[in-house]
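Below are the chains, spelled out letter by letter.
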Amino acid sequence: MAITQFLLSKNIKLSCSADKYQCCTERLVAGVDEAGRGALAGPVVAGAVILKPDSCLSGLKDSKLLSSKQREELFKKIYDSALYLGVGMVNHRLVDRINVLQATMLAMKRAIRRIDIVPDVVLVDGNKAPLIKGYVFKTVVQGDKKVLSVSAASIIAKVVRDNIMNNFHVKYPEYQFNKNKGYGTNDHYQAIFDRGISSVHRKSFNLTKQQKLF
């Protein structure tokens, strides 16, 4: 079912053209996205954002398509203008314990529960959503490119996680977390093969398999 039809089926009326429903709904729609799911080190972080019904922040898009400076600027705008905002995190140890998919769902749950109200619907980037009793979820493939609130959540999650990884870089400069943010770049893999893993790396990840994916 198309997102617009889904919103209408939940009696979430649109006050402008269907292709701009993401900033014109008359009820509360939360967008949710994560950062760090595919990284070799550090936490999984999720953001949940409910924008004002009449809010159309310019420049919102998938956080991966923005520069670090653009993300930081938009982070401040989103933080100042969002109706509700939540952040959830699962550290690398728990990622190892429950696996990265479950860690992602848990981070999303934590972010959503940080919001003080139950939204009319929660739009989640991708094809999997957590389950929370009393909440209505809808997955949106490439939602961070299609839905403003999901784009906003993507930026919130990315900026929070990047700052965490920058702090890890101070303790472990040899892995260049300030540049790779824990993801599997060639330099990051080389540092692991030369020095072994740090205390913030995910031990459950198969490095050989991950490197082939990279």
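Just so we're clear, the structure is a prediction, and the values are computed from it rather than from any experiment.

S.K.: Could you give an account of the environment of Gly 86, with specific residues and numbers?
M.R.: Inspection of the secondary structure assignment puts Gly 86 in strand E3 (residues 84-90). For Gly 86, a relative accessible area of 1% puts it in the buried group. C-alpha of Gly 86 to C-alpha of Ile 115: the two residues are 29 residues apart in sequence and 5.4 Å apart in space. Excluding residues that lie within four positions of it along the chain, Gly 86 makes contacts with Ala 46, Gly 47, Ala 48, Ala 111, Arg 114 and Ile 115.

S.K.: Could you give an account of the side chain of Thr 104, naming the residues involved and the relevant values?
M.R.: You can see Thr 104 is positioned in helix H4 (residues 100-113). If we ignore the near neighbours within four places in the chain, the residues touching Thr 104 are Glu 34, Arg 37 and Val 44.

S.K.: I'd like a rundown of the sheet that holds strand E5 (residues 137-140), residues and numbers included.
M.R.: The five strands lie next to each other as E3-E2-E1-E4-E5, forming an open sheet whose pairing is mixed. The open sheet terminates on both sides in strands that have one partner only, identified here as E3 and E5. Taking each pair of neighbouring strands and ignoring which way they run, the sheet shows an average axis angle of 20 degrees. Running over the sheet, H4 touches strand E1 (29-35), strand E2 (44-50), E3, strand E4 (121-125) and E5 and is turned about 150 degrees from E3. Where helix H6 (residues 148-171) meets the sheet, its contacts fall on E1, E2, E3 and E4, and the angle it forms with E1 comes to roughly 35 degrees.

Parameters and conventions
Residues numbered from 1 in each chain as written. Predicted model: local features only at pLDDT ≥ 70, side-chain atom pairs only at ≥ 80, totals over all residues. Heavy atoms only, no water. Helix = DSSP H or I, 4+ residues; strand = E, 2+ residues; numbered from the N terminus. Buried < 20%, exposed > 50% of the residue type's maximum accessible area, 1.4 Å probe, protein only. Contact = heavy atoms within 4.5 Å. Pairing = 2+ DSSP bridges. Axes fitted to C-alpha atoms, helices over the stretch in contact; angles between N-to-C directions.

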